[in-house]
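The lines below spell out each chain.
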Amino acid sequence: MIELLENSVSRFKEGYVEMRGHSRRVFSIVVKDGEVERITQGLNRGVCARILIDGSWGFSSTTIINRESLLELMKDAESLAKSSKPVKRRFVKIAPVEPYEDYYETPMKRDPRKEDLEFLIEDVLEADKEVHSYSKNVASSSISISVVDDDLCFVSSEGAKIMQRIVRCFGGASVIAKSQGKIASAHESIGAQMGLEVFEETPIRDAVLEAAKRAVRIVPKRVVPGGYYNVVLENKIVGLLAHEAVGHTAEADLVYGGSFLSNKVGQKIASDMITLVDDGLLPRGFGTMKYDDEGTPTERTVIIEKGVVKRFMHSRETAIQFGVAPTGNARAWSFEYDPIIRMRNTYIESGDQTVEELIEDVKEGYFLRGGGGGQADFNGEFMFTIQEAVKIENGELKESYRGASISGNAFDVLKRVTGVGKDFAMRVGICGKEQPSYVGIGGPSLKTELLVGGGYR
């Protein structure tokens with residue numbers, strides 16, 4: 001494929017052109033209550049071209065990969081670039097980037113292309129059997145495992161020629177418990193950018209049993225009373241806060257549109273204890289890649305350092321608008337999409353306290369465990385569901401509650417941080433900004449203050 005792309009790009013003499021080839025192999029299985037609900041195995045393969053002429057982009061994609069088709073693809077993209085010129089909102093320029101020739105592959109011990117993946121079906125079925133024998137209160141379970149294996153090619157008229165192979169292995173479990181007319185659910189996930197060895201290091205059965213234990217534990221409990229409390233947020237929740245409520249406000253396209261962090265470089269907006277990073281090179285990170293989909297090397301981008309805003313995440317286009325270097329954050333879900341600014345692995349850095357030390361100074365509050373879903377806007381306002389709230393009284397854990405939610409402004413929450421744990425953890429995620437994207441989200445446990453809501457069942 002790389003030779004076909006090079007040949008096509010070499011024929012183009014006007015403006016700037018880049019071509020991406022993408023092959024995605026997917027194997028996934030979903031088991032629900034002892035039955036195999038779905039097995040997916042397939043290959044999606046295609047090419048796209050993006051052309052910049054007189055300040056206007058043109059983009060086109062195809063699944064037909066031969067010399068003639070790719071030349072037609074180039075003509076389509078060129079035509080779109082020229083026809084969009086009269087209606088463009090601004091003249092597009094892109095920051096300079098050194099044209100690299102390179103190859104990158106996910107480090108792994110067990111290559112999924114070299115093994116029969118059917119053993120994963122047995123793993124999931126065994127985990128399902130075990131969770132239903134764990135307790136008579138387990139009413140339902142859904143367990144999944146996926147292997148996504150991407151081959152990426154990038155060629156540009158500037159001379160870049162980059163090939164990358166990115167392998168992600170991951171899974172998740174949702175368990176519903178029922179007791180005395182009440183129901184409660186819990187879920188856990190595993191995975192990383194690595195080979196099949198991840199399923200040995202973090203077996204799916206462990207995630208399933210952890211979800212089952214939590215669901216069974218909280219199902220008879222009361223709904224948490226609402227109010228403003230001192231809390232310790234478990235590391236799994238902190239990753240969600242870092243990505244959804246803070247990270248998006250630092251994506252340069254949203255900064256340009258007026259997000260909370262607009263015009264705040266150099267300003268203190270969080271506790272001295274908070275350093276927030278978006279890292280494209282984090283080992284095993286779910287969003288790790290050596291180059292982004294514009295051929296820009298990725299990097300460790302410090303967004304907030306000791307509470308002070310330092311940088312934003314950029315594509316080549318936004319970098320030149322802001323007068324800075326691109327950070328390697330332009331990513332596309334597949335060849336059918338053009339790259340936009342996306343997070344990679346976004347996390348708050350570790351502190352030096354144990355979870356027990358974070359809890360021991362709380363006179364009255366909650367230890368919030370088990371991240372859920374939720375939403376946030378580009379001003380940092382958020383609302384997330386939490387699986388379990390454990391009452392803290394005079395530094396000791398007491399009874400558990402179910403049905404919690406947390407809400408507020410993420411930057412107010414980060415200003416009030418008085419303790420940062422050393423229990424750093426990364427989770428896998430899929431971000432849905434305009435198009436899907438695999439991301440890593442993480443951080444340590446934090447001690448802060450926020451609004452805890454009851455009533456989520």
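Scoring rules and cut-offs
Residues numbered from 1 in each chain as written. Predicted model: local features only at pLDDT ≥ 70, side-chain atom pairs only at ≥ 80, totals over all residues. Heavy atoms only, no water. Core = buried A, V, L, I, M, F, W, Y, C linked by side-chain atoms within 4.5 Å. Buried < 20%, exposed > 50% of the residue type's maximum accessible area, 1.4 Å probe, protein only. Contact = heavy atoms within 4.5 Å. Pairing = 2+ DSSP bridges. Helix = DSSP H or I, 4+ residues; strand = E, 2+ residues; numbered from the N terminus. Axes fitted to C-alpha atoms, helices over the stretch in contact; angles between N-to-C directions. Salt bridge = Lys/Arg side-chain N within 4 Å of Asp/Glu carboxyl O.

A. Representation of the nonpolar core in the model. In terms of nonpolar packing, the biggest core is built from 45 residues, with Leu368, Ile406 and Leu414 touching the most fellow members. The residues contacting Ile406, other than those within four sequence positions of it, are Leu233, Ile237, Leu368, Phe382, Met383, Phe384, Ile386, Leu450 and Leu451. One finds Leu120, Val124, Phe199 and Ala212 within the second-largest nonpolar core, a separate group that totals 35 residues.

B. Layout of the sheet that holds strand β14 (residues 345-348). If you walk across this open sheet you meet the 6 strands as β11-β10-β9-β14-β20-β19, and the pairing is mixed. Lying at the two open borders of the sheet, with one neighbouring strand each, are β11 (308-309) and β19 (425-431). Inspection of the sheet shows strand β9 (residues 276-279) paired to β14 by 3 bridges, in the antiparallel sense. Bridging from a neighbouring strand, Asp278 pairs with Thr346 of β14. Lying on the sheet, helix α6 (residues 235-246) is in contact with β9, β10 (300-305), β14, β19 and β20 (437-443); it crosses β20 at an angle near 125°.

C. Region of interest: the pairing of strand β21 (residues 446-453). Buried residues dominate β21, accounting for 6 of its 8 residues. The sheet contact formed by strand β8 (residues 227-233) and β21 spans 7 bridges and is antiparallel. Bridge assignment links Val232 to a residue of β21, and that residue is Lys447. With 3 bridges joining them, strand β17 (residues 396-409) and β21 adopt antiparallel strand pairing. Note on β21: the bridge partner recorded for Ser407 is Leu451. By the bridge criterion, 2 bridges tie strand β18 (residues 419-420) to β21 in an arrangement that is antiparallel. Paired with Val420 across the two strands is Leu446, which belongs to β21.

D. Inspection of the pattern of salt bridges at higher detail. Scanning the entire structure with this criterion turns up 39 salt bridges. Among the salt bridges present, the one from Arg50 reaches Glu294, with a minimum N-O distance of 2.8 Å. Of the two residues, Arg50 sits in strand β2 (residues 35-53) while Glu294 sits in the loop between β9 and β10, which places them 244 residues apart along the sequence. Classification of Arg50 by relative accessible area gives buried; the value is 6%. Arg110 serves as the salt-bridge partner of Glu200, at 3.0 Å between the closest nitrogen and oxygen. Separated by 90 residues along the polypeptide, Glu200 in helix α4 (residues 198-201) and Arg110 in the loop between β4 (101-105) and α3 (119-134) bring together distant segments of the chain. Here the residues in one salt-bridge network are Arg25, Glu105, Asp111, Arg113, Asp149, Asp151 and Arg165, joined through shared partners.

Just geometry here; none of it tells us what the structure is for.
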